[in-house]
Amino acid sequence: MLALSTPPDDAIEVFDLLEHERTLFTVSTSPDAIPDHRLTDKHRLLLSYWKAKRGRYDAPCRSAIDPCDLGPVLPNILLWDITQSDYRCRLAGTDVCHNFIGKLQGVMLSDLPCPLMDQARREFDAARDEGLATLVERTLHWLGRPLVYYRHLLLPLVNDQGERHMLVSVMTFHSASEH
C-alpha cells in the first residue's frame, strides 16, 4: 500500500490551499480498503460497479464495462490507455473537461503541467503495475483555481488475457470550503 500522510482534515485551512499546489490525501491500496468516508456517491457507484465486474481477474475487462450502467457518473469518467511509457487520455467526461483544461482526449499524462506530476505518476503506476486502487485529493492551483480541489479514484482495467491495459477513473471537483 502506498500512502501519503497529510495533516488532519481540521488542520488544513482554506488559506493553505491558496498558497501552493498540494496533495491533501493519497492512498494506493486494495480496492476493498479504499476509505469510504472520502468517497462521493459518484466514486462509490464506479467502485461498486468495478468490483462487481471483476470476474476471474484482479480487475474487470474493459469489455465488461457498459457505459449505460454508469449514467450518473459519465460526466466525471476518464479512460486512460496505458502506453509503453505514459498514459493517454482516451475519454474524458464533460464535467472533467469543463473543470480542467478543456478537451483532454488524446492528452498524455506527462503533458499536463501539474507541479506534482511525480506523485501523480506514482499513483497511476500503482494501478498499472500492482492493480491497486488509488484515491487522491489534490488542489488545482496550477490551473489558476486555488479554491478548487479534485477527488480522483483510479482503477485498472484488463484485456481478455487479464493484462492491465487501461485505467478508469472518476474525478469530482470541490470548493476548498468543503474540505
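Residues numbered from 1 in each chain as written. Predicted model: local features only at pLDDT ≥ 70, side-chain atom pairs only at ≥ 80, totals over all residues. Heavy atoms only, no water.

(A) Spatial organisation of the nonpolar core. With 25 residues, the main nonpolar core has Leu78, Trp80 and Leu104 as its most contacted residues. When residues of this core are traced back to their parent elements, those giving at least two are strand 3 (77-82), strand 4 (87-92), helix 3 (94-99), helix 4 (117-130), strand 5 (133-140), strand 6 (145-158) and strand 7 (164-175). By residue number, the principal contributor to this core is helix 4, which donates four residues. Setting aside residues up to four positions removed in sequence, Leu104 forms contacts with Leu78, Cys89, Ala92, Val96, Cys97 and Leu112. Formed by 24 residues, the second largest nonpolar core is a distinct cluster that contains Leu70, Leu79, Ala133 and Leu153. (Core = buried A, V, L, I, M, F, W, Y, C linked by side-chain atoms within 4.5 Å. Buried < 20%, exposed > 50% of the residue type's maximum accessible area, 1.4 Å probe, protein only. Helix = DSSP H or I, 4+ residues; strand = E, 2+ residues; numbered from the N terminus. Contact = heavy atoms within 4.5 Å.)

(B) Quick look at the side chain of Thr172. Along the chain, Thr172 turns up in strand 7. A polar side-chain atom of Thr172 sits 2.7 Å from a polar atom in the side chain of His174. Not counting chain neighbours up to four residues away, the residues in contact with Thr172 comprise Thr40, Lys42, His43, Asn76, Tyr149, Tyr150 and Arg151. (Polar contact = N/O pair within 3.5 Å; in protein donor to acceptor, adjacent residues only side chain to side chain.)

(C) Geometry of the packing of aromatic side chains. Taken as a whole, this structure holds two aromatic pairs when the rule is applied. A centroid spacing of 5.2 Å and a plane angle of 90° characterise the contact between Trp80 and Phe124, whose relative ring orientation is edge-to-face. Here Phe124 lies in helix 4 and Trp80 lies in strand 3, a separation of 44 residues in the sequence. Taking relative accessible area as the criterion, Trp80 reaches 5% and is therefore assigned buried. Chaining the aromatic ring pairs together yields one cluster made of Trp80, Tyr87 and Phe124. Between Arg38 and the ring centre of Phe25, over which it is positioned, the NZ or CZ distance is 3.9 Å. (Phe/Tyr/Trp six-rings, centres within 6.5 Å; stacked < 30°, edge-to-face > 60°. Lys NZ or Arg CZ within 6 Å of the ring centre and 35° of its normal.)

(D) Examining the pattern of salt bridges more closely. The final tally for this structure, using the stated rule, is 12 salt bridges. Of the charged contacts in the structure, one is a salt bridge between Arg44 and Asp36, with a shortest N-O distance of 2.9 Å. Looking at Arg44, the relative accessible area reads 28%, which means it is partly exposed. Here the residues in one salt-bridge network are Asp32, Lys51 and Arg54, joined through shared partners. (Salt bridge = Lys/Arg side-chain N within 4 Å of Asp/Glu carboxyl O.)

(E) Representation of helix 2 (residues 41-52) within the structure. Spanning 12 residues, helix 2 covers 16 Å between terminal C-alpha atoms, matching the ideal 16 Å at 1.5 Å per step. Of all the residues in helix 2, the buried ones are His43, Leu46, Leu47, Tyr49 and Trp50. On an axial view of helix 2, the arc spanned by its buried residues comes to 165°, and they lie on one face. With respect to the buried face of helix 2, the exposed residues turned more than 90 degrees away are Asp41 and Ala52. (Expected span 1.5 Å × (residues − 1). Arc of directions from axis to C-beta.)

(F) Geometry of the confidence of the model for the protein chain. Predicted confidence across the protein chain gives a mean pLDDT of 87, with 84% of residues reaching 70 or more. When the criterion is pLDDT under 50, residues 1-18 qualifies, and its contacts beyond four places in sequence or with other chains add up to 37 contacts. (pLDDT = per-residue confidence, 0-100.)

(G) Spotlight on the environment of Gly93. Among the secondary structure elements, Gly93 is positioned in the loop between strand 4 and helix 3. The class for Gly93 is buried, based on a relative accessible area of 5%. A sequence separation of 12 residues divides Gly93 from Gln105, and the C-alpha atoms of the two residues are 9.5 Å apart. Excluding residues that lie within four positions of it along the chain, Gly93 makes contacts with Leu74, Pro75 and Ile77.

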